[in-house]
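Given next are the chains, with one letter for each unit.
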Amino acid sequence: MTSTPVSRSHAGTSGVAFLLQLERRLRLLQDTGEILSLSAQLLGQRLGAQQVACFDIAQALQCPTLQHAWSDGLAPGAAGEYFLGDYAARLADTLSAGQALAVSDVMNDPRTAMPAALATFARLDIRAFLNIPIAKDGQLAALFVVHSRAARLWHADEIELAVQVSERVWSTILRAQAESRLRALSASMETQVAERTREFGRTWNVSPDLLGVLNLDGYFEHSNPAWQATLGWSAEEIRTTKFLELVHPEDLPRTYAAWDAANQGQPALRFENRYRHKLGGWHWLSWVAVPEGDKVYCSARDITVEKKLEADLAARNSERERLWRSAQDLMVAIDADGCFAAVNPAASAILGWLPEEMLGRSIFDFVLPEDAAATRQALAQVTHEAMPSFENRYRHREGGHRWLSWSAAPEGDLVFATGRHITLEKEAESTLRRMQESLRHSEMALLQSQKLEALGKLTGGVAHDFNNVLQIISGNLQLLQLNLNDDPLAAKRIASASAAVERGAKLSAQLLAFARRQPLKPLVTDLAHLLRSTEELLRRATGETIETRLLLADDCWRALVDPHQLENVILNLAINARDAMDGQGQLTIELSNSVLGSDYAARHADVAPGDYVQLAVSDTGTGIPADLLDKIFEPFFTTKKEGEGTGLGLSMAYGFLRQSGGHLTVDSVPGHGSTFRIYLPRSLEAETELPLQLGGPVLGGKETILVVEDDVQVQTTVVDMLRGLGYAVLRASDGESALAIVGSGVAIDLLFTDVVMPGKVASTALARQARMLLPQLAVLFTSGYTQDAIMQGGRLEPGVELLSKPYRREDLARRIRHLLANGRHVTALHQYRAQLAPQPPAPGLQPGMRHILLVEDNADARAMTSELLAMLGHTVQAVGTAEEALPLLGTPGLELLLTDISLPHMSGVELAELAARERPQLEVVFSTGHAPANSGVLDPAARFLVKPFTVEQLQQALLAPAGPPA
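### With respect to the overall build of the protein
Item 1. Counting its secondary structure elements, the protein contains 27 helices and 35 strands.
Item 2. Put simply, 62% of the contacts in the protein that link residues at least 6 apart link residues at least 24 apart.
Item 3. Per element, the accessible surface of the protein, about 47,100 Å² overall, is 53% carbon and sulfur.

### Overview of a negative patch on the surface
Item 1. A contiguous patch of negative charge on the surface is contributed by Glu 883, Glu 884, Glu 910 and Glu 913.
Item 2. Relative to the helices and strands, Glu 910 is located in helix H26 (residues 908-918).

### Topic: the pattern of salt bridges
Item 1. Under the definition given, this model contains 31 salt bridges.
Item 2. A salt bridge links Glu 158 to Arg 152, with the shortest nitrogen-to-oxygen separation between them at 3.2 Å.
Item 3. Residue Glu 158 is classed as buried on the basis of its relative accessible area of 1%.
Item 4. Given a relative accessible area of 1%, Arg 152 falls into the buried group.
Item 5. Here Glu 272 makes a salt bridge to Lys 307, at a shortest N to O gap of 2.8 Å.

### Examining the side chain of Asp 900
Item 1. Within the secondary structure, Asp 900 is located in strand S33 (residues 896-900).
Item 2. Overall, the relative accessible area of 6% leaves Asp 900 in the buried class.
Item 3. In this structure Asp 900 touches Val 855, Glu 856, Asp 857, Gly 908, Ser 927, Thr 928 and Lys 947, once residues within four positions along its chain are discounted.

### Some details on the sheet that holds strand S34 (residues 923-928)
Item 1. In spatial order, the strands read S32-S31-S33-S34-S35; together these five strands make up an open sheet with parallel pairing. Of all strands in the sheet, those bounded by a partner on one side alone are strand S32 (875-879) and strand S35 (943-946). Within this sheet the neighbouring strands show an average axis-to-axis angle of 20°, counted without direction.
Item 2. Along the sheet, helix H27 (residues 951-959) makes contact with strand S31 (851-855), S33, S34 and S35, crossing S35 at roughly 170°.

### Concerning the packing of aromatic side chains
Item 1. Scanning the model with the defined rule gives 14 aromatic pairs in all.
Item 2. Judged by centre distance (6.4 Å) and plane angle (90°), the ring pair of Tyr 612 and Tyr 679 falls under edge-to-face. Taken together, the residues Tyr 612 in strand S21 (residues 610-618) and Tyr 679 in strand S23 (residues 673-683) connect sequence positions 67 residues apart.
Item 3. Taken together, the ring pairs connect Phe 220, Trp 227, Phe 243, Trp 259, Tyr 275 and Trp 287 into an aromatic cluster.
Item 4. Looking at Arg 152, its charged tip hangs above the ring of Trp 154, at a distance of 4.2 Å from the centre.
Item 5. Here the guanidinium or amino end of Arg 361 rests over the ring plane of Trp 353, the centre of that ring lying 5.6 Å away.

### Thoughts on H27
Item 1. Among the residues making up H27, those that are buried are Val 951, Leu 954, Gln 955, Ala 957 and Leu 958. Summarising the axial view, the buried residues of H27 lie within an arc of 160°, below the 170-degree limit, and thus occupy one face.

### A word on the pairing of strand S22 (residues 663-669)
Item 1. Counting buried positions over the seven residues of S22 gives five, a clear majority of the element.
Item 2. The sheet contact formed by S22 and S23 spans seven bridges and is antiparallel. Pairing of Val 666 across the sheet is with Phe 676, part of S23.
Item 3. Two successive antiparallel strands, S22 and S23, enclose a turn made up of three residues, where Gly 671 displays a positive phi of approximately 90°.

### Some details on the packing of helix H21 (residues 735-743) against helix H22 (residues 763-773)
Item 1. Remark: H21 packs on H22, axes separated minimally by 10 Å, with the N-to-C direction vectors making an angle of 5°. In terms of their interaxial angle, H21 and H22 are classed as roughly parallel. From H21, Gly 735, Ala 738, Leu 739, Val 742 and Gly 743 reach across to H22, where they touch Leu 766, Gln 769, Ala 770 and Leu 773.

### Observations concerning the environment of Leu 958
Item 1. You can see Leu 958 is positioned in helix H27.
Item 2. Leave out the neighbours within four places in its chain, and Leu 958 touches Arg 850, Ile 852, Leu 869, His 874, Leu 896, Glu 923 and Arg 943.

### Comments concerning the packing of helix H16 (residues 527-542) against helix H17 (residues 563-580)
Item 1. Packing of H16 against H17 brings their axes to within 10 Å, and their N-to-C directions diverge by 40°. By the angle between their axes, H16 is oblique relative to H17. Pair H16 / H17 crosses with right-handed handedness. In this structure, H16 uses Leu 527, Leu 530, Leu 531, Thr 534, Leu 537, Leu 538, Ala 541 and Thr 542 to contact H17, whose residues at the interface are Pro 563, Leu 566, Glu 567, Ile 570, Leu 571, Ala 574, Ile 575 and Arg 578.
Item 2. Taken together, the residues of the contact of H16 with H17 sort by class into twelve nonpolar, two polar and two charged.

### Points about the sheet that holds strand S10 (residues 282-292)
Item 1. Read from one edge to the other, the open sheet built from five strands follows the order S8-S7-S11-S10-S9, with strand pairing classed as antiparallel. Looking along the sheet, the strands with just one partner apiece sit at the ends: strand S8 (220-223) and strand S9 (268-276). Across this sheet, the average inter-strand angle for adjacent strands is 30°, counted without regard to direction.
Item 2. Pairing analysis gives eight bridges linking S9 to S10, with the strands arranged antiparallel. Paired with Leu 269 across the strands is Val 288, a residue of S10.
Item 3. Packing against the sheet, helix H9 (residues 252-263) makes contact with strand S7 (210-215), S9, S10 and strand S11 (295-302), and its axis sits at approximately 135° to S9.
Item 4. Where helix H10 (residues 304-326) meets the sheet, it contacts S9, S10 and S11, and its direction lies at approximately 120° from that of S10.

### Section: unusual backbone geometry
Item 1. A positive phi angle, close to 55°, is found at Arg 270, a residue other than glycine.
Item 2. Along the chain, Arg 270 turns up in strand S9.

### Considerations on the environment of Val 742
Item 1. Looking at where Val 742 falls in the secondary structure, it is placed in helix H21.
Item 2. Classification of Val 742 as buried rests on a relative accessible area of 5%.
Item 3. Spatially, the C-alpha atoms of Val 742 and Leu 706 are 8.6 Å apart, while their sequence positions differ by 36 residues.
Item 4. What Val 742 contacts, discounting residues up to four positions off in sequence, is Leu 706, Ile 748, Ala 770, Leu 773 and Leu 774.

### Side note on helix H13 (residues 372-382)
Item 1. Taken as a whole, H13 has its buried residues at Ala 372, Thr 375, Ala 378, Leu 379 and Val 382. The buried residues of H13 occupy an angular sector of 125° when projected down its axis, which confines them to one face. Projecting away from the buried face of H13 at angles above 90 degrees are the exposed residues Ala 373 and Gln 377.
Item 2. Lining the buried residues of H13 we find strand S12 (330-334), strand S14 (387-395), strand S15 (401-411) and strand S16 (414-421).

### Structural notes on the pairing of S11
Item 1. For S11, the tally of buried residues reaches six of eight residues, placing the bulk of the element in the interior.
Item 2. Pairing geometry for S7 and S11, over six bridges, is antiparallel. Directly across from Leu 210, in S11, lies its bridge partner Ala 300.
Item 3. Relative to S11, S10 is paired through eight bridges, and the arrangement is antiparallel. Paired with Leu 285 across the strands is Asp 302, a residue of S11.

### Quick notes on the environment of Ala 53
Item 1. Mapped onto the secondary structure, Ala 53 falls in strand S1 (residues 51-55).
Item 2. Along the primary structure Ala 53 and Leu 143 are separated by 90 residues, whereas in three dimensions their C-alpha atoms are 8.4 Å apart.

### Examining the confidence of the model for the protein
Item 1. Looking at the protein as a whole, the pLDDT averages 79, with 76% of positions reaching at least 70.
Item 2. In this model, residues 642-648 is a region of pLDDT below 50 whose contacts with residues beyond four sequence positions or in other chains number 14 contacts.

Parameters at a glance
- Residue numbers here run from 1 along each chain, matching the order of that chain's written sequence.
- Note on the predicted model: pLDDT of at least 70 is required for a residue's local features to be given, and 80 or more for side-chain atom pairs to be given and counted; whole-chain, interface and lining totals, by contrast, use all residues.
- For the side-chain quantities, the full set of heavy atoms in the structure was used; hydrogens and water were omitted.
- Segments assigned H or I by DSSP are reported as helices when at least four residues long, segments assigned E as strands when at least two residues long, and all are numbered from the N terminus.
- Here a residue-residue contact requires only that any non-hydrogen atoms of the pair lie within 4.5 Å.
- Note on areas: these come from Shrake-Rupley sampling with a 1.4 Å probe, and a residue is covered only by the protein chains present in the view.
- Exposure above 30% relative accessible area and the absence of a salt bridge qualify a residue for a patch, where like charges join within 9 Å and nonpolar side chains (Val, Leu, Ile, Met, Phe, Trp, Tyr) within 5 Å.
- The term salt bridge refers to a pairing of a side-chain nitrogen on Lys or Arg with a carboxyl oxygen on Asp or Glu at a separation within 4 Å.
- Within this scheme the basic residues Lys and Arg register as positive and the acidic residues Asp and Glu register as negative, but His and the chain ends are omitted.
- Working definition for charges: the position is that of NZ of Lys, CZ of Arg, CG of Asp or CD of Glu.
- Remark: exposure states derive from per-residue accessible area (1.4 Å probe, protein chains only) relative to the maximum for the residue type, with buried under 20%, exposed over 50%, and partly exposed in between.
- What makes two strands pair is DSSP finding at least two bridges between them.
- Note on geometry: axes are C-alpha line fits, over the in-contact stretch for helices, and angles between N-to-C directions span 0 to 180 degrees.
- Two aromatic rings from Phe, Tyr or Trp, using only the six-membered ring of Trp, form a pair when their centres are within 6.5 Å; if the ring planes differ by under 30 degrees the pair is stacked, by over 60 it is edge-to-face, and anything between is tilted.
- Comment: the charge-over-ring label is applied if NZ (Lys) or CZ (Arg) is within 6 Å of the ring centre and within 35 degrees of the ring normal.
- Working definition: the arc comes from the directions between the helix axis and the C-beta atoms, pointing outward to the latter.
- For classification purposes, angles smaller than 35 degrees are called roughly parallel, those larger than 145 roughly antiparallel, those between 65 and 115 roughly perpendicular, and all remaining angles oblique.
- In this scheme, a crossing is called left-handed if the near helix is turned counterclockwise away from the far one by less than a right angle; it is called right-handed if the turn is clockwise.
- Each residue is assigned to one class: nonpolar for Ala, Val, Leu, Ile, Met, Phe, Trp, Tyr, Cys and Pro, charged for Asp, Glu, Lys and Arg, and polar for all the others, Gly among them.
- As a per-residue measure, pLDDT reflects the predictor's confidence and takes values from 0 up to 100.

Set out below in structure tokens:
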């Protein structure tokens, strides 16, 4: 049946309190109409009904009359005659059996949906009702009704409450009637004895209360049938038993006192004690005893149920008190002004405030201001209906705040609320949200990284094959150039083709950078010094209309990075910024130290926590749309017009920084510019020298070189180049064939091998086994695609020499000549040192002791030359670069500068020129692997020591007078 629920009235403990209050008020009334009116009003208000009434006793159910009723003032009056017809006939048996009837909607209930009954219900504006019968001996004695204008669902505790009220009202009516009749009988005993006796007898027999007449000896001379109904004792048993023998032993002292008072003429009103039931147990009785002459007239009502309810209520109150004091949750009562009317001891543990410190104070003295508005709204809502959950923050006495989750309900003028401490849960939720957000960022970063990694593998493989093609083209062009015979048209075409090869090589290098497969030569670099040295280049690249600012911290850390590649990255970012600003704006390059924590690393899958040097490049250009930020590092992606860019600049930067152990991020707001942040791991090592830049003439030799290359066309081209330089060349297409040649015993001076080789023998294994057979063998690797075979963390292994494809004939010639010269020189020095140690040189050859400054970039050669000079009796200061030598030129007693010509950064020739200006008397000897005529030294009086030199040649160079070379 469909019904519209209404607010449920509170029962349970509060229902018991209502019954006790009703009982106390009814005891003060004697008039039946007043009893019915008051009880109807209180019950109606308690249940939220519109009408409550009681049918007069013994009225016909089909057409009853209501004389005593209560209405809320809005419903039509209930008093009057009713015609219920078939409805009453159907329900007569149910009501006569004492069963309560609850109808939630008369329109839908089959028991009420008859035309005649519905007409009556409609006239009286009744939609739902309760019928509470009072049946005695199978007959309907009275009927209580509760009416509601709206359909509603009657709950069990509401029905039970109505039954309890009806029974008490009915009992009170009977008691009031009995008492009234008893008083009337006493007042008019003389004149109405017959009538009084008749009525008394009727009341005597039907009264549910225990009525009796006591004599002064303590025996009931008369007792009504209610004694047997209530206590099981017959009238004869009551008459022959002294009443004090039935009283509970614990109640005897009070009963004796009341009995003595009655014997002295004092009535006892509502005196309570316990009487023994014939079958065992005890019943509580509430007595009214009136002494008159030598008799005491008594009336007792069984209040055992009420006493049990009172005991249960007391126990529950005690339990609630224990719960109140021991509860770990905060329990409070809040009055209509929003002040604490009660606070349990848990306040001290949760908030640090003592309960007495909170009583009488507004809750808003403790609620955080940020939560005050929501708390006011919740408090306004809970004054009308229960609130299952609400969260806010309370100030702690020692500072900070605590999260509380409240459940609250109104009761009278108070709001009772329980607050559970959920600060730890909130912190856990916050941590979980951060972890989920971090995981989301990590997943996105991982997907992006995986995508770029897949693209890297693809572009790396393409670049490898592309470099081989470029090497074939480049090699053949260079060979053709040697046979031009002064044909200007052919020279122009070859130059054009060579330029295209260089552009292709640059493109391939960018692809390898993105794929993290380019060979790096990282150095411990001072980035501030690097930026200052490139400032002028950046200004030229961006143009005069771009304001370029360098903001460099004074204490920046050093980083391990390939400085040449980093310069390219910075230049690319600057050019991109220039294009984004359309030639007008400000470019800012900042350098600072940065510490990336675990939280940052959790959001970025490609970075580890630690110390980093941060280089930020910012512009004031157009910015990058958010939907493009994930694509800008992909190769060939560009927003520039066709022909204005390849889309490889940022991808190259990304790959290079990842290969260097670094990290690259971008922040951009469309219309406000972009900031690229480069993070490079901090290095605690000392700054290292710049790599050797080979120059000088292109020379060949007569040594034997083994070329190992699987690409036939590349192999043919490089063999022709080397033979054109005068070298004897052997060739092999894989590692196994190359090992067979080395093992044959043929003399080989240098192994020139591709890194990526087919077959079972890798290039690194080939080099290692070849050197075991030929210890003095020089090894030069070449590749268009580097792999872990010769790399450690994306960097060349120490001591590994690599010539990247495509390479020029000049680069190949200089690198081979350098390796062969250094190899022979170091080998010779080893031999001379071994010969010199046991056999000092002849006195005729030993020069006088001299103070010498040695400058040699090869560490082995520097160490052994220093040792030889010391064995010859000289004082030696040895350094690896011209920059290190400069401050030593002023050393007192320095006589001679012995310097290599090919040095990192500043050459030996430049060093000698500076020395000549500062120390004109300082002797200078140049050490070189080239013939003096090809050394680039213009001074005809220069002295040379050609590598590899003997001990005798070393001695002669130190003694030889200045003059033109032989």
